[in-house]
Amino acid sequence: ADADALGVAIKDVLEFAIDNGGTTLRDFVGADGVPGDNGEYLLVYGRAGAPCPRCQTPIRKSVQAGRATYACPTCQAR
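What you see is a predicted model, and the numbers here were worked out from it, not measured in a lab.

Chemist: Describe helix H1 (residues 2-19), naming the residues involved and giving the relevant values.
Modeler: Along its 18 residues, H1 runs 26 Å from first to last C-alpha, staying within 8% of the 26 Å computed at 1.5 Å per residue. Among the residues trailing H1, Gly21 stands out with phi positive, at a value near 80 degrees.

As C-alpha cells, then:
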C-alpha cells in the first residue's frame, strides 16, 4: 500500500521530468540540441541555506563521491 503509492509517485515524477525534456543542470542538451525545461520545477536543488518552500527550514546540501544532494531535513526526512 505505502510502497505501491511511493512507486506510483516516483513514476509520476519521472514521467513529468521526461515530458519536460529532462533537467539541464550544466551544459547537457537533448539529441535535438535543446536543453531540458524541468529545472524550473526543482524546489530545493542548488538552494542550500535557502528556506524550504513548504516549511521554511533551511535547505541542506550534502556531497558524497563528488555528487551533491539538496534536501529539506524536515520535509524530506525518512
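Moving on from the model shown.
Chemist: Which residues make up unusual backbone geometry, and what values go with them?
Modeler: Even without being a glycine, Gln56 presents a positive backbone phi close to 75 degrees. Mapping Gln56 onto the fold places it in the loop between H1 and strand E1 (60-64). Of note, Ala65 is a non-glycine position whose phi angle comes to about 55 degrees, a positive value. Ala65 gets classed as exposed once you look at its relative accessible area, which sits at 82%.

Chemist: Break down the nonpolar core for me, with residues and values.
Modeler: By size, the foremost hydrophobic cluster in this structure holds five residues: Val44, Cys52, Ile59, Tyr70 and Cys72. With near-sequence residues (within four places) excluded, Cys52 lies in contact with Thr57, Ile59, Cys72 and Cys75.

Chemist: Can you lay out the pairing of E1 for me, pointing to particular residues and giving the numbers?
Modeler: Taken across its five residues, E1 has zero buried, putting it largely on the surface. Across five bridges, the pairing between E1 and strand E2 (residues 67-71) is antiparallel. Bridged to Val63 within E2 is Ala68. Counted along the chain from E1 to the antiparallel partner E2, the turn is two residues long, and its residue Ala65 has a positive phi close to 55 degrees.

Chemist: For the confidence of the model for the protein, give the residues involved together with the corresponding values.
Modeler: Overall, the predicted model of the protein reaches an average pLDDT of 85, with 94% of residues at or above 70. Mean pLDDT across the elements of the protein bottoms out in H1 (87) and peaks in E1 (94).

Chemist: Explain the pattern of salt bridges residue by residue, including any values.
Modeler: Considering all chains together, one arrives at one salt bridge under this definition. Between Glu15 and Lys11 there is a salt bridge whose closest N-O contact spans 3.6 Å. Of this pair, Glu15 and Lys11 both sit in helix H1, four residues apart, which is roughly one turn of that helix.

What counts and how
Residues numbered from 1 in each chain as written. Predicted model: local features only at pLDDT ≥ 70, side-chain atom pairs only at ≥ 80, totals over all residues. Heavy atoms only, no water. Helix = DSSP H or I, 4+ residues; strand = E, 2+ residues; numbered from the N terminus. Expected span 1.5 Å × (residues − 1). Buried < 20%, exposed > 50% of the residue type's maximum accessible area, 1.4 Å probe, protein only. Core = buried A, V, L, I, M, F, W, Y, C linked by side-chain atoms within 4.5 Å. Contact = heavy atoms within 4.5 Å. Pairing = 2+ DSSP bridges. pLDDT = per-residue confidence, 0-100. Salt bridge = Lys/Arg side-chain N within 4 Å of Asp/Glu carboxyl O.

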